[in-house]
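Per-entry structural report
Read off the chains here:
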Amino acid sequence: MGPIGVFDSGYGGLTILKEIRKALPQYDFMYLGDNARAPYGTRSFDVVYEFTLQAVKALFARGCHLVILACNTASAKALRSIQQKDLPAIDPSRRVLGVIIPTVETLGDISANGNIGLLATPGTVSSGTYDIEIAKFFPKFRTVSHACPMWVPLVENREYDGPGADYFVEKDVNALFAEEPDTDTIVLGCTHYPLLLPKIEKAVAGRARIVTQGHLVAASLADYLSRHPEIDAECSKDGSVTYLTTEHPDKFTGMASVFMEQPVTARRIEL
């Protein structure tokens, strides 16, 4: 038995971990942030896949039987390859899940007119994964995607509450509505973006519903574990959480404590 692994390129996956721990407090978790090589949003498919596979293997080596890619870019660019190509060779009994499908499958209950807006990193937008998955679930829906290259740096540099963030958030939100004024649902397709939520809500000004991912992924994981008792049996349940980072622990813990809203202690590993 081992913890559930949660991986992100940086800090954003902590917004997912926070909600998962609320829903499944009895489980053990191991969070890994590849902060030394973040952000992933502008990197190529091959590099994101390579880095994500290294992280998955590191979490497997530390006892995780189930790993959640709490990163939209990794979910878009690496998840399918890892599931189809690598897991059968590494260990067919282990599982790697992402955050995109748990988000997409709820949109039918949220959108009234089928006009979906996506705000995400350049990597997630260029992958087209959201467009593809939304079209699979809801063929009549229309998706408009807009890349927000400045949003992750704003969060990672602790400027998410500063006046500079207002400019970029308003600029990108308005660009989305300029392309599709009838957008009624906006998906925040990056796990960093909840820290910008007050500014996003201000810019949206009630024109659309805003979908964040944490509670959706948490509910989906709880459902997955209930439907797969063989995986659930491999997950240890002492209510603990371990934090790992590829950066200096002191640098990680300061920002991670902001995301988790409680003190965090981490140790550094190499991938």
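Residues numbered from 1 in each chain as written. Predicted model: local features only at pLDDT ≥ 70, side-chain atom pairs only at ≥ 80, totals over all residues. Heavy atoms only, no water.

**Section: the layout of surface pockets**
Each pocket or cavity is described by its volume, and for the largest pocket that value is around 520 Å³. In terms of lining, the largest pocket is formed by 26 residues, of which the most central are Leu-79, Gln-83, Gly-98, Ile-100 and Ile-101. Where the lining of the largest pocket is concerned, the elements lending two or more residues are helix 3 (72-77), helix 4 (79-90), strand 4 (95-97), helix 5 (100-104), helix 7 (129-137) and helix 11 (214-227). A per-element tally of the lining of the largest pocket places helix 11 first, with five residues. Grouping the constituent residues of the lining of the largest pocket by class yields 14 nonpolar, seven polar and five charged. (1 Å grid on protein atoms, 1.4 Å probe; cavity = no way out; pocket = protein on both sides within 12 Å on 5 of 7 lines; lining within 4 Å. Points joined across faces, edges and corners; volume = space filled by probe spheres on them. Helix = DSSP H or I, 4+ residues; strand = E, 2+ residues; numbered from the N terminus. Nonpolar A, V, L, I, M, F, W, Y, C, P; charged D, E, K, R; others polar.)

**Remarks on the sheet that holds strand 9 (residues 241-245)**
In space, the six strands of this open sheet follow the order 4-3-1-2-9-10, with parallel pairing throughout. Of all the strands in the sheet, just strand 4 and strand 10 (266-268) have a single pairing partner and so form its edges. Between one strand axis and the next, the sheet turns by 20° as a mean value, whatever way the strands run. The pairing of strand 3 (residues 66-69) with strand 4 spans three bridges and is classified as parallel. Each bridged residue has a counterpart across the sheet, and for Leu-66 the counterpart in strand 4 is Arg-95. In this fold helix 1 (residues 13-23) packs onto strand 1 (4-8), strand 2 (29-33) and strand 9, with an angle of close to 170° to the strand it touches most, strand 2. (Pairing = 2+ DSSP bridges. Axes fitted to C-alpha atoms, helices over the stretch in contact; angles between N-to-C directions. Contact = heavy atoms within 4.5 Å.)

**Quick notes on the pattern of salt bridges**
What the rule picks out here adds up to 12 salt bridges. One salt bridge in this structure joins Glu-270 and Arg-268, with 3.6 Å as the shortest N-O distance. Using a relative accessible area of 64% as the deciding quantity, one classes Glu-270 as exposed. For Arg-268, a relative accessible area of 45% puts it in the partly exposed group. Each member of the salt-bridge network shares a partner with another, and the members are Arg-80, Glu-133 and Lys-136. (Salt bridge = Lys/Arg side-chain N within 4 Å of Asp/Glu carboxyl O. Buried < 20%, exposed > 50% of the residue type's maximum accessible area, 1.4 Å probe, protein only.)

**A short note on the state of the cysteines**
Covalent bonding between the sulfur atoms of two cysteines is what defines a disulfide. This model, assessed by the stated rule, comprises zero disulfides. Looking at the unpaired Cys-148, the closest cysteine sulfur is the one in Cys-190, lying at 8.9 Å. Overall, the relative accessible area of 1% leaves Cys-148 in the buried class. In this structure Cys-235 is a free cysteine whose sulfur lies 8.9 Å from that of Cys-64, the closest cysteine sulfur available. (Disulfide = S-S within 2.5 Å.)

**Topic: the sheet that holds strand 8 (residues 209-211)**
With parallel pairing, the four strands of this open sheet are ordered in space as 6-5-7-8. The strands lining the two open edges of the sheet, one partner per strand, are strand 6 (142-147) and strand 8. The average undirected angle you get between the axes of adjacent strands in this sheet is 25°. Bridge count for strand 5 (residues 115-120) against strand 6 is six bridges, and the pairing is parallel. Looking across to strand 6, one finds that Asn-115 is bridged to Arg-142. Contacts from helix 9 (residues 163-179) reach strand 5, strand 6 and strand 7 (185-188), with the element oriented near 150° to strand 6.

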